[in-house]
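Here is how the chains run, residue by residue.
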Amino acid sequence: MQYQSTRNTSPVTTSSSEAIARGISPDGGLFVPQSFPKADLAGWQGLSYPALAEKVLAGYLTDYPAEFLKAATEATYGAAFGGKAGHLQPVRAGLYALELWHGPTCAFKDYALQLMPKLLVQAKKNLGRTETTRILVATSGDTGKAALAGYAGLAGVEIAVFYPNAGTSEIQRLQMVTQPGENVAVYAVNGNFDDAQTGVKRVFGDAAVAEELKGRGYCLSSANSINWGRLAPQIVYYFYAYYRLVESGVLALGEPVDFCVPTGNFGDILAGYYAKQMGLPVGKLLCASNKNNVLTDFIKTGTYDARREFYKTESPSMDILISSNLERLLFHLSGSAEAVAGWMKELATTGRYTVDATTLAKLQESFGCGCADDAAGSAEIRARFEQDHYLCDTHTAVAFRVAEDARRAGVPMVVLSTASPFKFPRAVLAALGGPVPESDFAAMAALCEKTGEKAPASLKILDTLPVRFTKVIAPEDIRAVALGADI
Ligand SMILES: *Cc1c(COP(=O)(O)O)cnc(C)c1O
């Protein structure tokens with residue numbers, strides 16, 4: 001399988017190792033596979049999660065040794081997910097939660113970020129590279145911790161994480177700033193997630209930075225969902241969930257299922273599109289947004305307009321106005337790097353772009369959309385708990401709300417549940433009604449008490465761990481950090 005940039009009109013192709021080692025294409029575009037490997041839908045039934053992951057990844061990572069993929073998927077998706085990788089929980093008739101938060105940091109990003117470090121180290125081996133990789137990560141909360149947990153202690157890699165100052169939950173912040181490891185650093189950035197992400201992207205596009213680092217034996221890479229190594233592992237759980245529905249007799253093999261995905265940077269839902277292109281019978285992919293509903297408007301109208309107010313919500317991992325991975329979808333839908341390069345340029349200069357009618361029609365064929373603000377999300381948390389005894393977090397609640405309006409008779413709906421409710425205990429507790437303590441930790445205890453659910457141990461101990469990182473920087477300082485300054 002060869003990869004090309006979404007913006008390069010004279011396609012120079014690269015291997016999967018190169019795409020993963022680089023993260024982003026030098027022309028500012030994202031790496032995409034040149035074709036979609038075909039799934040063996042009948043043959044993959046009954047595979048364990050690691051074995052299924054091996055099959056899916058083998059189609060994309062064709063320059064990785066087969067023994068490596070087998071060992072890496074087994075090491076990643078076994079014990080670290082407590083035997084609950086891809087767990088599908090029935091919620092009510094025809095409605096399911098694909099619980100993706102049983103990994104070490106309690107968010108779905110573990111699926112990619114527990115595997116990606118292994119992919120990166122192997123990519124360097126495949127390419128015969130020996131330089132140190134410096135990873136820069138912009139995070140709205142969950143990516144940062146998942147990346148730190150994945151890369152900490154890894155030889156030949158350093159990682160710096162940038163999160164919006166006061167833009168994450170207390171738990172999310174503590175998860176990051178208490179991260180152990182000699183090769184990790186964490187910075188709060190004055191600004192919102194888009195400021196942090198734009199700052200990191202700018203450094204990646206800065207030839208002078210690359211040149212300077214190269215001279216010192218370093219190269220930059222990204223652990224954000226713009227890296228192909230983040231996306232590919234997420235395809236697996238769409239297949240896994242489908243097979244669980246077939247196994248339990250809800251579906252016959254080949255019948256469609258709809259997925260509803262709480263969306264921010266468009267990586268998680270895009271993996272569902274890849275699964276569909278590989279042959280998984282996906283009906284609709286529903287893109288659920290919070291009050292930052294730029295994607296809802298885009299899917300409805302074909303105009304992407306980021307010139308709008310940015311809202312801080314109770315689902316911070318979805319507080320995004322520029323959804324990076326949408327670029328990949330636009331490339332696949334339009335088939336034109338020239339068109340994509342044009343739209344991205346318009347977005348960068350004017351803050352908006354409008355796709356052509358054919359691309360919009362194709363978009364709407366596969367994708368539906370909807371949004372829910374904090375009040376609607378909160379009501380949904382309460383409704384699911386009171387009616388179905390199902391406790392969900394604030395991000396998942398947005399998707400439940402959107403799914404409710406989009407359900408089709410006879411088609412099961414799977415909501416991707418992206419974080420443990422205990423990552424956002426104050427908001428979840430408030431939704432259930434009753435007093436909300438000031439501290440996240442008291443709220444966690446109260447939430448356990450109220451619901452009878454257990455909080456993950458890795459979250460409960462956070463207030464006992466030493467805080468290692470306290471620096472607050474400006475977005476412009478990201479460049480200096482990339483160059484190795486200890487600001
Ligand atoms: C990152 C995240 C999302 C959004 O996923 P994208 O791939 O960025 O669309 C949703 N929910 C939670 C809890 C997240 O951490």
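Undergrad: Can you help me understand the site of the ligand in this one?
TA: Taken together, the neighbourhood of the ligand is formed by 15 residues, with Lys-109, Asp-142, Gly-264, Asn-265 and Thr-418 sitting nearest. With respect to the ligand, the side chain of Lys-109 contributes an N or O atom lying 2.5 Å from an oxygen atom. One of the backbone N or O atoms of Gly-267 is found 3.2 Å from an oxygen atom in the ligand. For the ligand, whose unbound accessible area comes to 380 Å², protein coverage reaches 97%. More than half of the atoms of the ligand fall within 2 Å of the grid points belonging to the largest cavity. Broken down by class, the residue content of the shell around the ligand amounts to 5 nonpolar, 7 polar and 3 charged.

Undergrad: Explanation requested: the packing of aromatic side chains in the structure shown.
TA: The geometry of two aromatic rings is summed up by the distance between their centres and the angle between their planes. Per the counting criterion, the structure on display carries 27 aromatic pairs. Here Tyr-111 and Tyr-237 contribute two aromatic rings whose centre-to-centre distance is 5.1 Å and whose plane-to-plane angle is 80 degrees, an arrangement assigned as edge-to-face. Within this pair, whereas Tyr-111 is found in helix 4 (residues 110-113), its partner Tyr-237 is found in helix 10 (residues 228-247), the two being separated by 126 residues in sequence. Neither residue differs from the other here; Tyr-111 and Tyr-237 are each classed as buried. One aromatic cluster is present, formed by Tyr-3, Phe-36, Tyr-60, Trp-228, Phe-266, Tyr-273, Tyr-274 and Phe-367 through successive ring pairs. Positioned over the ring face of Tyr-218 is Arg-134, at 4.3 Å from the centre of the ring.

Undergrad: When you look at the sheet that holds strand 14 (residues 413-417) in this model, what are you seeing that I'm missing?
TA: Sheets are built from strands that pair by backbone hydrogen bonding, the pairs being arranged parallel or antiparallel. The strand order 3-4-14-9-10-13 describes an open sheet built from 6 strands, whose pairing is mixed. The open sheet has two free edges, formed respectively by strand 3 (87-92) and strand 13 (367-371), since each of these has just one partner strand. On average, adjacent strands in this sheet sit at an angle of 25 degrees to one another, irrespective of strand direction.

Undergrad: Can you walk me through the packing of helix 6 (residues 142-151) against helix 7 (residues 170-177) in this structure?
TA: Angle between the axes and distance between the axes are the two parameters that describe a pair of packed helices. Packing of helix 6 against helix 7 brings their axes to within 9 Å, and their N-to-C directions diverge by 25 degrees. Classified by the angle between their axes, helix 6 and helix 7 sit roughly parallel to one another. Two packed elements cross with a definite hand, and for helix 6 against helix 7 that hand is left-handed. Side by side, helix 6 and helix 7 meet where Asp-142, Gly-144, Lys-145 and Leu-148 of the first sit next to Gln-172, Gln-175 and Met-176 of the second.

Undergrad: When you look at empty space enclosed by the protein in this model, what are you seeing that I'm missing?
TA: Where empty space is left can be seen by rolling a probe of water-molecule size over the atoms. Taken as a whole and judged by the stated rule, the model has 2 cavities of 30 Å³ or more. Considered as a void within the structure, the largest cavity measures approximately 290 Å³ in volume. As for the largest cavity, its lining consists of 25 residues, and the residues nearest its centre are Phe-108, Lys-109, Gly-264, Asn-265 and Ser-317. Elements supplying a minimum of two residues to the lining of the largest cavity: helix 6, helix 10 and helix 11 (267-277). When residues in the lining of the largest cavity are grouped by element, the largest group, 3 residues, is from helix 11. Here the lining of the largest cavity is composed, by residue class, of 9 nonpolar, 12 polar and 4 charged. Of the pockets and cavities examined, the second largest cavity occupies roughly 40 Å³. Around the second largest cavity, the lining residues are Thr-263, Gly-264, Ser-289, Asn-292, Val-294, Leu-295, Met-318, Ile-320 and Ser-323. Its residues assigned to classes, the lining of the second largest cavity shows 4 nonpolar, 5 polar and no charged.

Analysis parameters
Residues numbered from 1 in each chain as written. Predicted model: local features only at pLDDT ≥ 70, side-chain atom pairs only at ≥ 80, totals over all residues. Heavy atoms only, no water. Near = heavy atom within 4 Å. Polar contact = N/O pair within 3.5 Å; in protein donor to acceptor, adjacent residues only side chain to side chain. Areas by Shrake-Rupley, 256 points an atom, 1.4 Å probe, with all protein chains shown as cover. 1 Å grid on protein atoms, 1.4 Å probe; cavity = no way out; pocket = protein on both sides within 12 Å on 5 of 7 lines; lining within 4 Å. Sits in = over half its atoms within 2 Å of the grid points. Nonpolar A, V, L, I, M, F, W, Y, C, P; charged D, E, K, R; others polar. Phe/Tyr/Trp six-rings, centres within 6.5 Å; stacked < 30°, edge-to-face > 60°. Helix = DSSP H or I, 4+ residues; strand = E, 2+ residues; numbered from the N terminus. Buried < 20%, exposed > 50% of the residue type's maximum accessible area, 1.4 Å probe, protein only. Lys NZ or Arg CZ within 6 Å of the ring centre and 35° of its normal. Pairing = 2+ DSSP bridges. Axes fitted to C-alpha atoms, helices over the stretch in contact; angles between N-to-C directions. Parallel < 35°, antiparallel > 145°, perpendicular 65-115°, else oblique. Left-handed = near helix turned anticlockwise from the far one by under 90°. Contact = heavy atoms within 4.5 Å. Points joined across faces, edges and corners; volume = space filled by probe spheres on them.

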